[in-house]
Amino acid sequence: MDIIVEGEYEAFFYDSEQNKRVIDLHGRGYCYGGLSVLLNRKRSLRSVIAKKGTLVFFLSRQDFKQLCQAYEEFFHFFTAEFGTRMLNDAYAHFVKRPTAFEENYIASDQLYSRKIESFVYRDLVTCPSDTPLYEAAQLMARKKISCLFVQDNQQRIVGYITDITLRDVVARQVSVQEPVSLVMANPLVSISTQAYAYEAILLMFRTKSQYLLIEGAEEGSYLGFISRNKLLSEQAQSPFLFIQSVKLTQSVEELKRKWGKVPEIVYQLLNRGVKPEIVNQVITTVSDTIALKVIEGVIAEVGTPPAKFVFMVLGSEGRKEQTLNTDQDNAIIYEDKANEQRELVREYFLHFAELVSERLDAIGFSFCKGGFMAKNSKWTHSLSHWKRNYTSWMKEPDPETVMKFATFFDCRYIYGEAAIMDELRDFLDQQLQEPLDRFLYHMARNALQYEPPLTFFKNIKTFTVGGHEVFNIKKTMTPLVDLVRVYALQKRIFKTNTGERLKELKAVGAFTDTEVQELMHSYYYLMSLRLKKQAVQIIQDKAEPDNFIDIRSLTKIEQVTLKEIFKTISNFQTTIKLQFTKELFG
């Protein structure tokens, strides 16, 4: 243990990129190293830099431990300091962080360690025992529930009915005027909040019950209920069952927690050798599922939309290529309405979009800095207005317009009336059959604005961020996305995913098998590197993910691979430059 006599120690943790985190300055009289001796054997918990001229007295590990054993107050002085420090979330994270991500993203032993109180359970929805069956069915439809609990005259829960109960009622041709007490199921099955997940699941299988009441503090009182599907999906180690668990969530807070698990899932999948294009699909599916839950929740709150519409996503989400550093890019198209209804319709959708966007932001999908969101009045409009938008972008293009609005050619609807999106796509198909030389030329130029980061001598070109030599992997990938988009528009291919576009372009003869393989390998190698870097930043460093890759963090093999990929991108940029300049301007 070091006792500072004069000078200063700077103590901190290093994150995965060797950035200093949780920095503390300690001066005269501070005892450094005691906690590490007590808790971490011979290894220091933190790194330390001594200021020039610092003088310390050194107390051996053996003598320090003997003092702790002889004097209880001396021992408690250090343990109390550790307890105080562990109240700091950042400090606690770096003390406890794993050195490797070997544990499953949802550990199987949670079955045996997780208590019922840690689950989010649903509020009870009840009805009197004399409620007619048709009223009960209406209540269940309105509340979007699959289990309705029945109360007696003293408001005690005496049974329940489910969707299956109602199905059997119809099958047996029971009159819908009959009371729910005639068909309700019992006995009730309940469990304590202190019971473990495995106990709840075994109880459900044993009693053949799909639902468990959660017992309150007073006998006969209940806090809510939980379904067997919910419990099982929470334990799932498959990403597909994880997605099912997202579908069962009921609140913005729970959706936020689910989104917070995605970086761990991404890291696990990549580590197991799952292709990055599949990992992208998992991220996108979780993201879409969350957006759908939010949209459905807002509609239930503000009422049925006054017109048919689609909620569409743009950019990387539109291409199904989301990463872990993502913001909102969305828009709304609604059907054309008579003049007297236009303002009412527009007012509804702008209010609707505002609520959706705020909830997505609360979950972790931050507001788009460029304002490309449905809450922005520019991007919520009627179908005819959107057709005019696309016409102006394609027929009156300039470099700035094309660069700004290219994201709208990577659009995909996730909710609403498919026919509206089909009509817009048919319209674009017609427009793209007309001469659009200037538009395609500017789109091609857009694919050339970012050059691969290679020096004249074919080394990786870097710049400095926070003392690290890095390159921006997002900008490195952008030319691939942009050049594939140009070819897709030229050939009137309406897939939005880069990989899917490449396959379609190969099918129509725009690219050879070899070219497609080179582009696919390049794009998804970069995507894998980008996703893994962001996952490490979130999980291990508790930091906001970015797109900077420190070349010192790469192996020699990775660096050589990147150089070859950069050459591939550069060659394709040369090809597109020659082809589109020649074709469009002779």
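Since we're looking at a predicted model, the values are computed, not measured.

## Overview of the overall build of the chain
Then step 1. Broken down by element type, the chain carries 22 helices and 19 strands.
Then step 2. Oriented by its inertia axes, the alpha-carbon framework of the chain measures out at about 90 × 85 × 45 Å.
Then step 3. Restricting the contact set of the chain to residue pairs at least 6 apart, pairs at least 24 apart contribute 70%.
Then step 4. With the model as given, the accessible surface of the chain reaches about 30,100 Å², and the carbon-plus-sulfur share is 50%.
Then step 5. In the chain, 74 positive and 73 negative side-chain charges are present, and the distance between their average locations comes to 4 Å.

## Quick notes on the packing of aromatic side chains
Then step 1. Following the criterion strictly, the structure yields 36 aromatic pairs and no others.
Then step 2. For the pair Tyr348 and Phe349, a centre-to-centre distance of 5.2 Å together with 90° between the ring planes defines the contact as edge-to-face. You'll find Tyr348 and Phe349 in the same group, each marked buried.
Then step 3. The structure contains a cluster of three or more aromatic residues connected by ring pairs, namely Phe372, Trp379, Trp386, Tyr390, Trp393, Phe405, Phe408, Phe409 and Phe439.
Then step 4. The positively charged end of Lys20 is found above the aromatic ring belonging to Phe12, 5.0 Å away from the centroid.
Then step 5. Lying over the aromatic face of Tyr267, Lys532 brings its terminal NZ or CZ to 5.9 Å of the ring centre.

## A few points about the confidence of the model for the chain
Then step 1. Looking at the chain as a whole, its pLDDT mean stands at 88, while 94% of the residues score no less than 70.
Then step 2. Overall, residues 98-109 carries pLDDT values under 50, and its contacts beyond four positions in sequence, including any with other chains, amount to 27 contacts.

## A few points about the sheet that holds strand S10 (residues 190-191)
Then step 1. In space, the three strands of this open sheet follow the order S10-S11-S12, with mixed pairing throughout. Lying at the two open borders of the sheet, with one neighbouring strand each, are S10 and strand S12 (222-227).

## Quick look at the nonpolar core
Then step 1. Grouped together as the largest cluster of nonpolar side chains are 112 residues, with contacts concentrated most on Ile290, Phe311, Phe352, Tyr390 and Phe439.
Then step 2. Sort the elements by how many residues they give to this core and helix H21 (residues 513-539) lands first, with 12 residues.
Then step 3. Ile145, Val180, Val183 and Met184 belong to the second-largest nonpolar core, a separate cluster that totals 16 residues.

## Let's talk about the environment of Ile569
Then step 1. Summarising the element assignment, Ile569 is placed in helix H22 (residues 556-585).
Then step 2. A sequence separation of 420 residues divides Ile569 from Phe149, and the C-alpha atoms of the two residues are 62 Å apart.

## Remarks on the sheet that holds strand S18 (residues 468-472)
Across a sheet, paired strands are connected by hydrogen bonds in the backbone, their directions being either parallel or antiparallel.
Then step 1. Strand order in this open sheet of three strands is S17-S18-S19, and the pairing throughout is antiparallel. Since the sheet does not close on itself, it has two edges, and those belong to strand S17 (463-465) and strand S19 (548-550), each with one partner. Pairs of neighbouring strands in the sheet enclose a mean axial angle of 55°, with direction left out of account.
Then step 2. Both S18 and S19 contribute to a ladder of three bridges, which runs antiparallel. For Asn472, the partnering residue across the bridge sits in S19 and is Phe548.
Then step 3. Strand contacts of helix H19 (residues 473-490): S18 and S19, with the helix running at about 25° to S18, the strand carrying the most contacts.

## Some details on the pattern of salt bridges
Then step 1. Per the stated rule, a full pass over the model turns up 24 salt bridges.
Then step 2. Put simply, Asp288 and Arg412 hold a salt bridge, and the shortest N to O gap is 2.8 Å. Here Asp288, found in helix H12 (residues 276-302), pairs with Arg412, found in strand S16 (residues 412-416); they are 124 residues apart in sequence, far enough to count as distant.
Then step 3. For Asp288, a relative accessible area of 13% puts it in the buried group.
Then step 4. For Arg492, the salt bridge goes to Asp429, with nearest N and O atoms at 2.7 Å.

About the cut-offs
- Residues numbered from 1 in each chain as written.
- Predicted model: local features only at pLDDT ≥ 70, side-chain atom pairs only at ≥ 80, totals over all residues.
- Heavy atoms only, no water.
- Helix = DSSP H or I, 4+ residues; strand = E, 2+ residues; numbered from the N terminus.
- Contact = heavy atoms within 4.5 Å.
- Areas by Shrake-Rupley, 256 points an atom, 1.4 Å probe, with all protein chains shown as cover.
- Lys, Arg positive; Asp, Glu negative; His and termini not counted.
- Charge placed at Lys NZ, Arg CZ, Asp CG, Glu CD.
- Phe/Tyr/Trp six-rings, centres within 6.5 Å; stacked < 30°, edge-to-face > 60°.
- Buried < 20%, exposed > 50% of the residue type's maximum accessible area, 1.4 Å probe, protein only.
- Lys NZ or Arg CZ within 6 Å of the ring centre and 35° of its normal.
- pLDDT = per-residue confidence, 0-100.
- Pairing = 2+ DSSP bridges.
- Core = buried A, V, L, I, M, F, W, Y, C linked by side-chain atoms within 4.5 Å.
- Axes fitted to C-alpha atoms, helices over the stretch in contact; angles between N-to-C directions.
- Salt bridge = Lys/Arg side-chain N within 4 Å of Asp/Glu carboxyl O.

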